[in-house]
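# Coordinate inspection notes
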Amino acid sequence: MNDRHFDELATRFAEKIYGGAKGAIRLAVLQADLAEALPDRPLRVLDIGAGLGHMSLWLAQRGHQVTLAEPAAPMLEGARERFADAGQQATFIQAPWQELLGQLTEPYDLVLCHAVLEWLAEPETILPVLHQLTRTDGLLSLAFYNRDALVYRNLLKGHFRKLRSNELAGEKQSLTPQKPLDPRTLKAQLEDLWQVESESGVRVFHDYMPRDFQAKAELHDLLEMELAHRRHPAFAGLGRYLHWICRPR
């Protein structure tokens, strides 16, 4: 199995993720967590697997110096256009994560790695690279597709055969990630390199709502409730994605 890039699926990816409430909730949770965690000064930021640059643009608009690294040319071009439309500057690098240490000479105050691990053939291999790219007094913003939420969703749907066979990875052309991550396994893999300082669930209830309830709900109500419950001890672990802010050991 190889790492998955999104050259051929860039437009579909953008529409699927950011065209509705799912993307709005994801951005709201990530932004709320970072707004709480970041120091009040300009930072050097590296966004690995930056996609269409939504999070990077938000940070650039707040005065941070942003570098976007993305292997898929259509995605990176979309990010360039987004920045140009907003009148913001950034550095754009078309490269997979394996090439970044050879191109970047100084570590960053903040490294973003959002929705990347679940598309890698061996997700744990990126963790030491993230550590090298982060300053000793810096932060890592790590968001990943949560295997627990996928299991729960399949339980609710009665997909017991799929669960018995443990076949939870997405199909080749699916936007369901190929490597959903077990948070306990990932935390053990992080242990030697990172201290996890905060944990939030992204979409802790929205994706479990019946579709007619989703359609009736106002976006501002969804955002309010998702933000209010993102760290609830009973609900945070059900987030379709988990967002951990980590500090290097």
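Before reading on, note that the structure itself is shown above.
Residues numbered from 1 in each chain as written. Predicted model: local features only at pLDDT ≥ 70, side-chain atom pairs only at ≥ 80, totals over all residues. Heavy atoms only, no water.

### Some points on the overall build of the protein
Scanning the protein from terminus to terminus reveals eleven helices and seven strands. Taken over the C-alpha trace, the protein has a radius of gyration of 17 Å; the compact-globule value for 249 residues is 18 Å, and the two agree within 12%. Buried residues in the protein amount to 48% of all 249 residues. Of all intrachain contacts in the protein linking residues separated by at least 6 positions in sequence, the fraction that spans at least 24 positions is 76%. Element-wise, carbon and sulfur atoms account for 49% of the exposed surface of the protein, whose accessible area totals about 12,300 Å². Looking at the protein, you have 29 positive and 33 negative side-chain charges, and the mean spots of the two groups are 6 Å apart. (Helix = DSSP H or I, 4+ residues; strand = E, 2+ residues; numbered from the N terminus. Rg over C-alpha atoms; globule rule 2.2 N^0.38 Å. Buried < 20%, exposed > 50% of the residue type's maximum accessible area, 1.4 Å probe, protein only. Contact = heavy atoms within 4.5 Å. Areas by Shrake-Rupley, 256 points an atom, 1.4 Å probe, with all protein chains shown as cover. Lys, Arg positive; Asp, Glu negative; His and termini not counted. Charge placed at Lys NZ, Arg CZ, Asp CG, Glu CD.)

### Points about the packing of aromatic side chains
This structure, assessed with the given rule, holds four aromatic pairs. Each ring, one from Phe 144 and one from Trp 244, has its centre 4.9 Å from the other, and the planes form 80°; the classification is edge-to-face. Placement of Phe 144 in strand 5 (residues 134–145) and of Trp 244 in strand 7 (residues 241–248) is noted, with a sequence separation of 100 residues between them. Neither Phe 144 nor Trp 244 differs from the other in exposure class; each is buried. Ring centres of Tyr 145 and Tyr 241 lie 5.3 Å apart, and the angle between their planes is 70°; this geometry places the pair in the edge-to-face category. (Phe/Tyr/Trp six-rings, centres within 6.5 Å; stacked < 30°, edge-to-face > 60°.)

### What to know about the environment of Arg 82
The topology assignment puts Arg 82 in helix 4 (residues 73–86). Overall, the relative accessible area of 30% leaves Arg 82 in the partly exposed class. Leaving out residues up to four positions away in the same chain, Arg 82 has contacts with Leu 52, Gly 53, His 54 and Leu 57.

### Section: the pattern of salt bridges
Taken as a whole and judged by the stated rule, the model has 13 salt bridges. As a salt-bridge pair, Arg 247 and Glu 197 come within 2.9 Å of each other at their nearest N and O atoms. In this pair, Arg 247 sits in strand 7 while Glu 197 sits in strand 6 (residues 194–202), placing the two residues 50 residues apart along the sequence. Here the salt bridges do not stand alone but share partners, grouping Asp 33, Glu 36, Arg 230 and Arg 231 into one network. (Salt bridge = Lys/Arg side-chain N within 4 Å of Asp/Glu carboxyl O.)

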